[in-house]
Amino acid sequence: MTNQPPAVEIRDLHKSFRQRGGTQVHAVQGVDLTIQRGEVVALLGPNGAGKTTTLDLVLGFGQPDHGEVRVFGGSPRAAIEDGAVSAVLQTGGLLADLTVRETLKAVASLMPRPLPLDEVLDRAGLTTIARHMVSKCSGGQQQRLKFGLALLADPELLILDEPTAGMDVRARREFWDTMHAEARQGRTIIFATHYLEEADTFANRVILMSRGKIVADGSTAEIRARTTGRTVVAEVAVQAVERVREAVLTLDGVHDVTVRGGRMTITCRDSDAVARYLLMHNLGNHLEITSANLEQAFVALTSDSLDTKEEVSL
Ligand SMILES: Nc1ncnc2c1ncn2[C@@H]1O[C@H](COP(=O)(O)OP(=O)(O)OP(=O)(O)O)[C@@H](O)[C@H]1O
């Protein structure tokens, strides 16, 4: 068997921008990443985390200040020229006066080996709106059309920057059904999103970015289980609350303690150790242990406190 290069390899990537007024923004700060062929990867992070800048560099838009990006073992430009990679981007307009089909036809005419139009219409879920004018299409339908344009070259790697932004819940679900079909064919898919549930239900790997760095990389289950870990809720006597809070905060792996109505919620890495401590010292009653949800993990990993912590490796 031949040893094929991964779909994407990023080494020590840095990119800064000079903003109006002269301030320098370090949008990407030392990203290292390998994405194997066939992976479906979600890139998550708050606004300004560096997701779009990273994806743009994978697509060969602009040069890194430092570091390297390889796509299927070569330069991003070469991969795009080969038709090996396509993208659905946030920016980039469609021509309002063409129909959906005419739009696909016009772009296909510029390609050496486009897929047949009817196949693309079908795969992108556009068949029923093929004769609609682009100007009459909803935001979700226009995103689908961009997706159809990305499919024309039959790429091995699809890059989607917030592909469902502005779609309602139903349109999003339909869009991801379509993408599932593409992923099942072994395509590599990388998408940036703000929607945690999209990452959770669709990706098999999630990369969390914050302030230009990767702060977590693993399956959604791993991120949930191993980062914020679990939550212990206990009833604590009102007069003992401060004492218990201080004691619990000294335990290893305790991230956060909140108290409401006599119930203390402790977010921690090792819930068994915390529960044992509370019970052994008779500090709490009616203990409940639950897994933190992805949203809690996301907030914990991208919050200010992370600046002083090491990257979480999963
Ligand atoms: N062309 C540019 N010129 C100046 N600053 C830029 C440029 N592109 C990005 N930035 C800045 O770099 C930082 C990272 O932006 P980027 O768009 O990569 O983040 P993002 O994670 O994709 O955010 P969002 O979720 O809002 O799209 C931001 O502070 C942004 O303002």
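Within every chain, residues take consecutive numbers counted from 1 along the sequence as written. It should be noted that, the model being predicted, local features are given only for residues of pLDDT at least 70 and side-chain atom pairs only at 80 or more, the latter also being counted only at that level, while totals for whole chains, interfaces and linings use all residues.

Draft legend 1. Looking closely at the sheet that holds strand E4 (residues 66-71). Here, any two strands with at least 2 DSSP bridges between them count as paired. Secondary structure is summarised from DSSP: a helix means a run of H or I of at least four residues, a strand means a run of E of at least two, and numbering begins at the N terminus for each. Pairing is antiparallel in the open sheet, where three strands are placed in the order E2-E1-E4. At either margin of the open sheet sits one strand with a lone partner, and together these are strand E2 (24-35) and E4. Shown here is a sheet whose adjacent strand axes are inclined to one another by a mean of 25°, direction ignored. With nine bridges joining them, strand E1 (residues 8-18) and E2 adopt antiparallel strand pairing. When the sheet's bridge partners are listed, Arg-18 is paired in E2 with Gln-24. Across the face of the sheet, helix H1 (residues 51-58) comes into contact with E1, E2 and E4 while running at roughly 120° to E1. Between N-to-C directions, angles cover 0 to 180 degrees, with each direction set by a line fitted to C-alpha atoms, over the stretch in contact for helices. The contact criterion used here is simple: two residues whose C-beta atoms, placed from the backbone, lie within 7 Å are in contact.

Draft legend 2. Spotlight on the site of the ligand. Near residues are defined by distance alone, with the backbone-placed C-beta atom required to lie within 6 Å of the molecule or strand. As a structural note, the neighbourhood of the ligand is formed by Phe-17, Gln-19, Val-25, Ala-27, Gly-45, Asn-47, Gly-48, Ala-49, Gly-50, Lys-51, Thr-52 and Thr-53. Sort the elements by how many residues they give to the shell around the ligand and H1 lands first, with three residues. Residues of the shell around the ligand, tallied by class, amount to four nonpolar, seven polar and one charged. Nonpolar residues are Ala, Val, Leu, Ile, Met, Phe, Trp, Tyr, Cys and Pro. Charged residues are Asp, Glu, Lys and Arg, and all others, Gly as well, are polar.

Draft legend 3. The arrangement of the environment of Thr-54 in detail. Examined against the element boundaries, Thr-54 turns out to sit in helix H1. Measuring from C-alpha to C-alpha, the distance between Thr-54 and Gly-22 comes to 22 Å, with 32 residues separating the pair along the chain. Apart from the residues lying within four places of it in its own chain, the contact partners of Thr-54 are Leu-13, Val-28 and Val-31.

Draft legend 4. Structural detail: the domain arrangement of the protein chain. Where each domain begins and ends follows an automated or database-derived domain assignment. Split by domain assignment, the protein chain resolves into domain 1 (8-84 + 155-224) and domain 2 (229-291). The centre of domain 1, based on its C-alpha atoms, is set 37 Å off from the matching centre of domain 2.

Draft legend 5. View of helix H10 (residues 271-280). Counting other C-beta atoms within 10 Å of a residue's own tells you its class, since 20 or more makes it buried, 12 or fewer makes it exposed, and anything in between is partly exposed; those C-beta atoms are placed from the backbone. Residues of H10 that are buried include every one of Ser-271, Val-274, Tyr-277 and Leu-278, and no others. For H10, the angular spread of the buried residues around the axis is 130°, confining them to a single face. Summarising the geometry of H10, the exposed residues directed more than 90 degrees from the buried face are Asp-272, Arg-276 and Met-280. Phi for Asn-282, located one or two positions after H10, is positive at around 55°. Think of the arc as the fan of directions from the helix axis to the C-beta atoms.

Draft legend 6. Just the pairing of E1, in detail. Taken together, the five bridges between E1 and E4 define a ladder with antiparallel strand orientation. Its bridge partner being in E4, His-14 is matched across the sheet by His-66.

Draft legend 7. View of the confidence of the model for the protein chain. A score between 0 and 100, pLDDT records how confident the predictor is in each residue. Taken as a whole, the protein chain shows an average pLDDT of 86; of its residues, 91% reach a score of 70 or greater. Per-residue pLDDT stays below 50 along residues 304-314; that stretch engages in 15 contacts with residues further than four places along the chain or on separate chains. The ipTM assigned to the predicted complex is 0.97, against a pTM of 0.76.

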